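What follows is each chain in one-letter form.
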Amino acid sequence: MIDEVRRRMAEEGIDALVLRSSPDFRYLGGRDDGHDGYLVLTGEGPPAAAAGPREAAALVPAAARRIGVDPEMRARELFSLRVDAELVLASSVLAPLRLRRGPAEVAATGRAAAAADAVLLAARGLAWFGATERAMARRLRAALAEAGCEETLSVLVAAGEHTALPRHAACDRVINPGDALLVSVCGRWDGHCAEVARVFAVAEPPEDFEAMYSVVLSAQRAALDAVRPGVTAAEVGRAAREVIDGSGYGEYAGRRPGRGVGRSHEEGPWLVPGDGTVLEPGTTVCLEPAIYLPELFGARVADVVVCAPEGGRRLGSLPWELCVLEH
């Protein structure tokens, strides 16, 4: 893998990479133990660890004229490097390589997806009626920690009209019978990320909700069927979007039906028009088609999927059918 990274560095004219604690850092073997640390990769030897940016700069060859720096590096870190060289993003080297995930990485992402699935599966047995969104979000965060989650990246609990807000933050709204519930969890396990989202209904779904939800499920199936080696990210996204557009809900569709997931919870490829990234065996994506009807309700289904030689394969197993919770 290091040889491939160095080949890409040569193609990009980059003499060294300087990475901070981040997905790229973990990709090159850096230990993410909660403390800031740095890795430096040059033309020779294994990646070298450094405690701080100045120590990292000391590991960069004096003759280096172009250095790839971590996209997550802060301004003060960049100034602290104090190197006489052009600074460019290390993602020009590492992003294409991270799309090609080997069997071990796919298996690790699968374990993360299974852990996220288990949290939402257990959530179906919680007492939702009468609780607030905020209280249930706290319970899900605790469940993620119990599931061995290293970092909770997002938890969404939205009830009723709030399910139509894609970026809703849990509040003190009380969950009542007849509410739709949009619930998602996203976290990192053993350096790999996964997100899963499902819709519940308390006692009974709202009027006309099931018809809209069936469209989201059809879009999810279409996107999954479209995943296979050789197709582009844009083609997979189009498969989902065509289902939603054909149903008449096109103007209410979520902004994207999916994105890459792996060592980061949001990375390429992006399943949107114009992304010509060709899927390869081992590419992992989060399929997440959604419909949001303002002031009424919304639905999103999210699953981690791997592009396998035979086509798309879900890495989780959480059921798709609408779960109606007893109140």
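A quick note: this is a predicted structure, and the numbers were derived from the prediction, not measured. (Residues numbered from 1 in each chain as written. Predicted model: local features only at pLDDT ≥ 70, side-chain atom pairs only at ≥ 80, totals over all residues. Heavy atoms only, no water.)

Colleague: So what exactly am I meant to see when it comes to the pairing of strand β15 (residues 311-314) here?
Modeller: Along any regular strand, the residues point their side chains to alternate faces of the sheet. Inspection of the sheet shows strand β14 (residues 303-308) paired to β15 by 4 bridges, in the antiparallel sense. The residue bridging A308 from the neighbouring strand is G311, located in β15. In this structure, the hairpin formed by β14 and β15 is closed by a connection of 2 residues. (Pairing = 2+ DSSP bridges. Helix = DSSP H or I, 4+ residues; strand = E, 2+ residues; numbered from the N terminus.)

Colleague: Please clarify how the packing of aromatic side chains should be interpreted in this entry.
Modeller: The way to describe two aromatic rings as a pair is by their centre distance and the angle between their planes. According to the stated counting rule, one finds 3 aromatic pairs in the structure shown. Judged by centre distance (5.1 Å) and plane angle (85°), the rings of F209 and F297 are edge-to-face. On the criterion of sequence distance, the pair formed by F209 in helix α8 (residues 209-226) and F297 in strand β13 (residues 297-300) is long-range, its members being 88 residues apart. Among the residues examined, F209 registers a relative accessible area of 0% and is labelled buried. (Phe/Tyr/Trp six-rings, centres within 6.5 Å; stacked < 30°, edge-to-face > 60°. Buried < 20%, exposed > 50% of the residue type's maximum accessible area, 1.4 Å probe, protein only.)

Colleague: I keep staring at helix α7 (residues 133-146) and nothing clicks. Help me out?
Modeller: Counting along an α-helix, one turn takes 3.6 residues, and residues three or four places apart therefore face a common direction. Here α7 spans 20 Å end to end across 14 residues, near enough to the 20 Å set by a 1.5 Å rise per residue. By the burial criterion, the buried members of α7 are E133, M136, A137, L140 and L144. When α7 is viewed along its axis, its buried side chains cluster within an angular range of 105° and face the same direction. Those residues of α7 that are exposed and angled more than 90 degrees off the buried face are R138, A145 and E146. The first or second residue beyond α7 is G148, which carries a positive phi of 85°. (Expected span 1.5 Å × (residues − 1). Arc of directions from axis to C-beta.)

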